[in-house]
Amino acid sequence: MKFKFYNEEIRNEMLRVSQQRKDLFQEYLSLKQIIQELDYFEFQAFLMKELSKGRGNKTKIIKEINNGEAYEFRIPPHDKAGVLRVEFEIEPDYHTICITSVRVKQF
């Protein structure tokens, strides 16, 4: 799987996260590396496994949003120090994850 940013503004937001929250950014890079090694079918299996976890499951890395049109990485899944939320869509080529939003949520 490949990763791309929807636009330059979102890429710049990820750069800000990489400078301000190095801890969260490193976790994102680790997850990204794992996903990049997967093909589409392996990624789909990983995605379905994550989505099947219960609503309150604090280990759930991926959440479905916009009625299944988009998804969100939650890195780490739950942490009072903050969670990196990376919204994404799967491109029609089935090999590209397009990052559409990046933010850090504080609890």
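For the structure itself, consult the block above.
## Re the overall build of the protein
(1) Moving on: Across its full length, the protein carries three helices and five strands.
(2) Moving on: The C-alpha radius of gyration of the protein comes to 13 Å, within 12% of the 13 Å expected for a compact globule of 107 residues.
(3) Moving on: The principal-axis extents of the C-alpha atoms in the protein amount to approximately 35 × 35 × 25 Å.
(4) Moving on: When each of the 107 residues of the protein is scored for burial, the buried share is 36%.
(5) Moving on: In the protein, the share of contacts with a sequence separation of at least 24, taken over all contacts with a separation of at least 6, comes to 45%.
(6) Moving on: Element-wise, carbon and sulfur atoms account for 47% of the exposed surface of the protein, whose accessible area totals about 6600 Å².
(7) Moving on: Positive and negative charge centroids in the protein, built from 18 and 17 side chains respectively, lie 7 Å apart.

## With respect to the nonpolar core
Across soluble globular proteins, nonpolar side chains show a tendency to be buried alongside one another.
(1) Moving on: By size, the foremost hydrophobic cluster in this structure holds 24 residues, and its most contacted members are Tyr 28, Ile 35, Phe 43, Phe 73 and Leu 84.
(2) Moving on: Going through the elements one at a time, helix H1 (8-20), helix H2 (22-36), helix H3 (40-51), strand S3 (70-75), strand S4 (83-90) and strand S5 (96-105) are the ones with two or more residues in this core.
(3) Moving on: Of the residues forming this core, the biggest block, five residues, is contributed by H2.
(4) Moving on: Discounting chain neighbours no more than four positions away, the residues touching Tyr 28 are Phe 3, Met 14, Ile 75, Leu 84, Val 86 and Ile 99.

## Regarding the packing of H1 against H2
(1) Moving on: Interaxial distance between H1 and H2 falls to 5 Å at its minimum, and their mutual angle equals 120 degrees. Between H1 and H2, the crossing angle belongs to the class labelled oblique. Contacts from Met 14, Val 17, Ser 18, Gln 19 and Gln 20 in H1 reach Lys 22, Phe 25 and Tyr 28 in H2.
(2) Moving on: Looking at the contact of H1 with H2, its residues break down into four nonpolar, three polar and one charged.

## What about the pattern of salt bridges?
(1) Moving on: One pass over the structure, following the stated rule, counts eight salt bridges.
(2) Moving on: Where Arg 74 meets Glu 72, a salt bridge forms, and the shortest distance between an N and an O atom there is 3.7 Å.
(3) Moving on: Judged by its relative accessible area of 16%, Arg 74 is buried.
(4) Moving on: Here Glu 72 and Arg 103 are joined by a salt bridge, their closest N and O atoms 3.7 Å apart. Of this pair, Glu 72 sits in strand S3 while Arg 103 is found in strand S5, placing the two residues 31 residues apart along the sequence.
(5) Moving on: With relative accessibility at 3%, the residue Glu 72 sits in the buried group.
(6) Moving on: Residue classification places Arg 103 among the partly exposed positions, given a relative accessible area of 35%.

What counts and how
Residues numbered from 1 in each chain as written. Predicted model: local features only at pLDDT ≥ 70, side-chain atom pairs only at ≥ 80, totals over all residues. Heavy atoms only, no water. Helix = DSSP H or I, 4+ residues; strand = E, 2+ residues; numbered from the N terminus. Rg over C-alpha atoms; globule rule 2.2 N^0.38 Å. Buried < 20%, exposed > 50% of the residue type's maximum accessible area, 1.4 Å probe, protein only. Contact = heavy atoms within 4.5 Å. Areas by Shrake-Rupley, 256 points an atom, 1.4 Å probe, with all protein chains shown as cover. Lys, Arg positive; Asp, Glu negative; His and termini not counted. Charge placed at Lys NZ, Arg CZ, Asp CG, Glu CD. Core = buried A, V, L, I, M, F, W, Y, C linked by side-chain atoms within 4.5 Å. Axes fitted to C-alpha atoms, helices over the stretch in contact; angles between N-to-C directions. Parallel < 35°, antiparallel > 145°, perpendicular 65-115°, else oblique. Nonpolar A, V, L, I, M, F, W, Y, C, P; charged D, E, K, R; others polar. Salt bridge = Lys/Arg side-chain N within 4 Å of Asp/Glu carboxyl O.

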